[in-house]
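Read off the chains here:
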Amino acid sequence: HGNFVFCAAFSPTSNLLASGSFDETVKLWDIRSGDCVSTLPAHSDPVTGVDFNWDGTCIVSGSHDGLMRIWDTATGECLKTVYAQGNP
């Protein structure tokens, strides 16, 4: 990351760790090798929360931009963006 890491979560089914940062990205790490395997250009403000779903196929990220995004773990594709009505 290019800035402080704010949050992290371990995958329940694989050797991945997701981390969210003040650099507005979510990174996926292989915990065995320590290598970053994917960088998701997640948000337009610091990422304040990340977690995996129960089977590790999706990641959810939340940010100071008021958005929550759901990501496909394998492809890095943003599957859904959730926002509150009236959110800037």
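Everything in this summary refers to the structure shown in the same document. Remember, predicted model here, so these are calculated numbers, not experimental data. (Residues numbered from 1 in each chain as written. Predicted model: local features only at pLDDT ≥ 70, side-chain atom pairs only at ≥ 80, totals over all residues. Heavy atoms only, no water.)

With 13 residues, the main nonpolar core has Val26, Val47, Val50 and Phe52 as its most contacted residues. Sorting the residues of this core by element identifies β1 (5–10), β2 (16–21), β3 (26–30) and β5 (47–52) as the ones contributing at least two each. A total of three residues in this core trace back to one element, the largest contributor, which is β5. Apart from the residues within four sequence positions on either side, Val26 is in contact with Ser19, Ser38, Thr39, Leu40, Ala42, Val47, Val50 and Ser61. (Core = buried A, V, L, I, M, F, W, Y, C linked by side-chain atoms within 4.5 Å. Buried < 20%, exposed > 50% of the residue type's maximum accessible area, 1.4 Å probe, protein only. Helix = DSSP H or I, 4+ residues; strand = E, 2+ residues; numbered from the N terminus. Contact = heavy atoms within 4.5 Å.)

Looking now at the packing of aromatic side chains. For the coordinates displayed, the defined rule picks out one aromatic pair. Between Phe6 and Phe22, the ring centres sit 5.4 Å apart and the planes meet at 65°, which makes this aromatic pair edge-to-face. Within this pair, whereas Phe6 is found in strand β1, its partner Phe22 is found in the loop between β2 and β3, the two being separated by 16 residues in sequence. Using a relative accessible area of 42% as the deciding quantity, one classes Phe6 as partly exposed. (Phe/Tyr/Trp six-rings, centres within 6.5 Å; stacked < 30°, edge-to-face > 60°.)

Attention now goes to the pairing of strand β8 (residues 78–83). Sheet topology note: the strand β7 (residues 67–72)/β8 ladder contains five bridges and is antiparallel. Bridge pairing links Arg69 to Thr81 in β8. Here β7 hands over to β8 after five residues, with Gly76 in that stretch at a positive phi of 80°. (Pairing = 2+ DSSP bridges.)

We now examine the sheet that holds β8. The strand order across the open sheet built from four strands is β5-β6-β7-β8, with neighbouring strands paired in antiparallel fashion. If you trace the sheet from one side to the other, it starts and ends with β5 and β8, each paired once. For this sheet, the mean inter-axis angle between neighbouring strands, taken without regard to orientation, is 15°. As judged from the five bridges shared by β5 and strand β6 (residues 58–63), these two strands associate in the antiparallel manner. Bridged to Gly49 within β6 is Gly62. (Axes fitted to C-alpha atoms, helices over the stretch in contact; angles between N-to-C directions.)

A separate point is the sheet that holds strand β4 (residues 36–40). Strand order in the open sheet formed by four strands is β1-β2-β3-β4, with antiparallel pairing between adjacent strands. Edge strands, defined here as strands with exactly one partner in the open sheet, are β1 and β4. Between one strand axis and the next, the sheet turns by 20° as a mean value, whatever way the strands run. Two elements, β3 and β4, share four bridges in a ladder whose sense is antiparallel.

Residue placement: Ser63 occurs in strand β6. With relative accessibility at 11%, the residue Ser63 sits in the buried group. Looking at Ser63, its side chain comes within polar contact range of the main-chain oxygen of Pro46, at 2.8 Å. (Polar contact = N/O pair within 3.5 Å; in protein donor to acceptor, adjacent residues only side chain to side chain.)

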